[in-house]
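For reference, the chains in residue letters:
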Amino acid sequence: MNLLGVHALVWAGDWTEPSARFAIESTREVGFDLIELALLDPAATDVAMTKRLLADNGLAVTCSLGLDQDTDVSSEDPTVVARGRDRLAAALEVAHGIGATHLCGVLYSALRKYSQPASPRSRENSRAAMAWLAEQTSAAGVTLALEVVNRYETNIANTAAEMLAYIDESGADIALHLDSYHMNIEENGLVEPVQQAGPRLGYLHIGESHRGYLGTGNVDFRSLFAAVRDSGYAGPVTFESFSSAVVHPSLSNVLGVWRNLWEDSRDLAAHAHAFMAEGLAPR
Ligand code: MN
């Protein structure tokens, strides 16, 4: 069965010890197996404190991030690419240090709106950085998964098919990370991308079309969950939701979280856990 997880930003916008304790304890109390930490600023994560709280609560952990404009490995500027590789190496060090099983997200470009298509040099710099990162994650025993996001958040790949082709071109052992929120925007449906990914699916985000309560928007979860059950996918399934009620200093703005979709993290998370467990239960 899949480990069910929840993104830390459902609980807290920072990672001070009180915030980390609240997020980790709440994740366990609601019934999740796993918490996903956003490592946009790896240096801000206290590895020893995080590892201790995770162990005390018996939770698994995964890490995600998106790069910014100053660390964009798809930049044509080699100094920006070098900063990006440093950021990814720092994130992997923290992920490995806290015992994360997966490093995922938008690791192959900045997480932002681009104003032009990716140039051949951008794509080559990005692919080379991912091939390099795959060697590091493999040595650390961490699964590397690249998230397919919509056109307003990257210009490298916006569909499962595009990302699979990109990974093939990189020549590296990298898994696909799908997200229902992005699939709902870019794909022909929610079944085809799961089938195209097949055994290469390595991580799955569950988010509603407005990123609020599951089942209250436009995402066809019945089709998605059926496709995931049929695929035999056994990896993590993590709930991602954002509201102006919990604000991360950089990620919330990048994602355009201007709206209050919920106030009560615990009610939201408990509802999501039940929704996902029911959807993924074997038929
Ligand atoms: Mn996502």
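Structure report, in brief. Everything numeric in this text was worked out from a predicted model, so none of it was measured.

1. Quick word on the coordination of the manganese ion
Tetrahedral coordination by four donors puts the ideal angle at the metal at 109.5 degrees, and octahedral coordination by six puts it at 90 or 180 degrees.
Line of reasoning, step 1. Distances from the manganese ion to its protein donors, namely Glu147 (OE), Asp179 (OD), His205 (ND1) and Glu240 (OE), fall within the range 2.0 to 2.2 Å.
Line of reasoning, step 2. Written as a sequence motif, the donor arrangement for the manganese ion is E-x31-D-x25-H-x34-E. A residue pair is termed long-range when its members are at least 10 positions apart, and Glu147 in strand β5 (residues 143-147) and His205 in strand β7 (residues 201-206) qualify at 58 residues. Of the two residues examined, Glu147 and His205, each falls in the buried class.

2. What about empty space enclosed by the protein?
Line of reasoning, step 1. For the structure shown, the criterion picks out 1 cavity of 30 Å³ or more.
Line of reasoning, step 2. Considered as a void within the structure, the largest cavity measures approximately 150 Å³ in volume.
Line of reasoning, step 3. Contributing to the lining of the largest cavity are 20 residues, with Leu65, Leu111, Glu147, Glu240 and Leu251 lying nearest its centre.
Line of reasoning, step 4. Contributing elements (two or more residues each) for the lining of the largest cavity: β2 (34-38), β3 (60-67) and β4 (102-110).
Line of reasoning, step 5. Take the lining of the largest cavity: its biggest share by element is 3 residues, from β3.
Line of reasoning, step 6. The residue makeup of the lining of the largest cavity, split by class, is 9 nonpolar, 6 polar and 5 charged.

3. Quick look at the sheet that holds strand β8 (residues 237-239)
Two strands in a sheet stick together by hydrogen bonds in their backbones, pointing the same way (parallel) or opposite ways (antiparallel).
Line of reasoning, step 1. Taken in spatial order, the 8 strands line up as β1-β2-β3-β4-β5-β6-β7-β8 and close into a barrel, and their pairing is parallel. Mean inter-strand twist for the sheet, computed between neighbouring axes without regard to direction, equals 25 degrees.
Line of reasoning, step 2. The sheet contact formed by strand β6 (residues 175-179) and β7 spans 4 bridges and is parallel. Bridge pairing in β7 places Leu176 opposite Leu201.

4. Focus on the nonpolar core
Line of reasoning, step 1. Counting 89 residues, the largest nonpolar core has Ile35, Met130, Leu146, Leu178 and Met276 as its most contacted members.
Line of reasoning, step 2. If you look at the next biggest cluster of nonpolar residues, it comprises 5 residues, including Cys104, Ala145, Ala175 and Tyr203.

5. A look at the state of the cysteines
Line of reasoning, step 1. Counted according to the given criterion, the structure contains 0 disulfides.
Line of reasoning, step 2. Sulfur of Cys63: no disulfide; nearest cysteine sulfur belongs to Cys104 and is 8.1 Å away.
Line of reasoning, step 3. Classification of Cys104 as buried rests on a relative accessible area of 0%.

Rules and cut-offs
Residues numbered from 1 in each chain as written. Predicted model: local features only at pLDDT ≥ 70, side-chain atom pairs only at ≥ 80, totals over all residues. Heavy atoms only, no water. Donors = N, O, S within 2.8 Å, 3.2 Å for Na, K, Ca; no water. Helix = DSSP H or I, 4+ residues; strand = E, 2+ residues; numbered from the N terminus. Buried < 20%, exposed > 50% of the residue type's maximum accessible area, 1.4 Å probe, protein only. 1 Å grid on protein atoms, 1.4 Å probe; cavity = no way out; pocket = protein on both sides within 12 Å on 5 of 7 lines; lining within 4 Å. Points joined across faces, edges and corners; volume = space filled by probe spheres on them. Nonpolar A, V, L, I, M, F, W, Y, C, P; charged D, E, K, R; others polar. Pairing = 2+ DSSP bridges. Axes fitted to C-alpha atoms, helices over the stretch in contact; angles between N-to-C directions. Core = buried A, V, L, I, M, F, W, Y, C linked by side-chain atoms within 4.5 Å. Disulfide = S-S within 2.5 Å.

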